[in-house]
Amino acid sequence: METGNEAQVRSEIAAERRELADLLAQLPAERWDEETLCAGWRVRETVAHITMPFRASLPTFVLGMIRARGNFDRMADRAARADAEALTAEDLVASLRGAVDHRWKPPGGGYLGALSHDVIHGLDITVGLDLDRRPPPERIGLVLGSLRPRQLKFFGVDLAGVELRADDLEWSYGSGDPVTGRAQDLLLAVCGRRVPPGRLQGSAADRFSGSE
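What counts, and where the lines are drawn
- Residues numbered from 1 in each chain as written.
- Predicted model: local features only at pLDDT ≥ 70, side-chain atom pairs only at ≥ 80, totals over all residues.
- Heavy atoms only, no water.
- Helix = DSSP H or I, 4+ residues; strand = E, 2+ residues; numbered from the N terminus.
- Pairing = 2+ DSSP bridges.
- Contact = heavy atoms within 4.5 Å.
- Axes fitted to C-alpha atoms, helices over the stretch in contact; angles between N-to-C directions.
- Salt bridge = Lys/Arg side-chain N within 4 Å of Asp/Glu carboxyl O.
- Buried < 20%, exposed > 50% of the residue type's maximum accessible area, 1.4 Å probe, protein only.

## Remarks on unusual backbone geometry
Next up, step 1: The backbone phi angle of aspartate 130 is positive, close to 55 degrees, even though this residue is not glycine.
Next up, step 2: Turning to its location among the elements, aspartate 130 is positioned in the loop between helix H6 (110-128) and helix H7 (137-146).

## What about the sheet that holds strand S3 (residues 177-181)?
Note: strands within a sheet are paired through backbone hydrogen bonds, in either parallel or antiparallel orientation.
Next up, step 1: Strand order in this open sheet of four strands is S2-S1-S3-S4, and the pairing throughout is mixed. Both outer strands of the open sheet, strand S2 (172-174) and strand S4 (200-201), are each paired with one neighbouring strand and no more.
Next up, step 2: Across five bridges, the pairing between strand S1 (residues 162-166) and S3 is parallel. Residue pairing across strands places glutamate 163 opposite proline 178, the latter belonging to S3.
Next up, step 3: Contacts from helix H9 (residues 183-190) reach S1, S3 and S4 within the one sheet, and its direction differs from that of S1 by about 145 degrees.

## What to know about the pattern of salt bridges
Next up, step 1: Applying the stated criterion across every chain yields a total of 20 salt bridges.
Next up, step 2: Note that arginine 97 is salt-bridged to aspartate 22, the shortest N-O span being 2.7 Å. Of this pair, arginine 97 sits in helix H5 (residues 89-97) while aspartate 22 sits in helix H1 (residues 4-25); the two residues are 75 residues apart in sequence, bridging distant segments of the chain.
Next up, step 3: You can call arginine 97 partly exposed: its relative accessible area is 35%.
Next up, step 4: Taking the relative accessible area as the measure of exposure, aspartate 22 reaches 41% and is therefore partly exposed.
Next up, step 5: In this structure, glutamate 34 engages arginine 31 in a salt bridge whose closest nitrogen and oxygen atoms are separated by 2.9 Å.
Next up, step 6: A relative accessible area of 29% means that glutamate 34 is categorised as partly exposed.

Written out as structure tokens, the structure is:
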């Protein structure tokens, strides 16, 4: 039986996938080859990665990990590139749309981990392409609220001496010089993405903005 919180998170997962699929279905063909905020990935590789858990069988996943010598990032990169080559944009949209209610959960991450995966990579696409889409702040808040120090360490983000403070919901993290902005842009910052200039304010905002 699902708890109330699980039901809420699964509802947000379904909404995120549905909304992103609708947006991608309208994306002009040439834009699928534009770069996202995921370094080295175009839109098609990023969507292939989002949808990989819905398409890859356990044996396929295990074989990929063996070939990558146990390195998940290497395996994921290879899989995204191979799938982006093999599948059309229409195939990828259909894969995402067909998984709206899929119960996939990343190991140890639960449904919040699945929501985080979809929301962060969705922002990689929409912000990277400067598309006019803003997930509801409450959805972003669920993701931000699930982040832990070990995850920030994984992303390699240095928040020493900085307090991140959302201006569209009640959320802050850290202590020090305040850096303010929309919750979705702060989420990008804590995930190691470069936030487009002008979206964050504060004396330390340049640490998270601009081009690498």
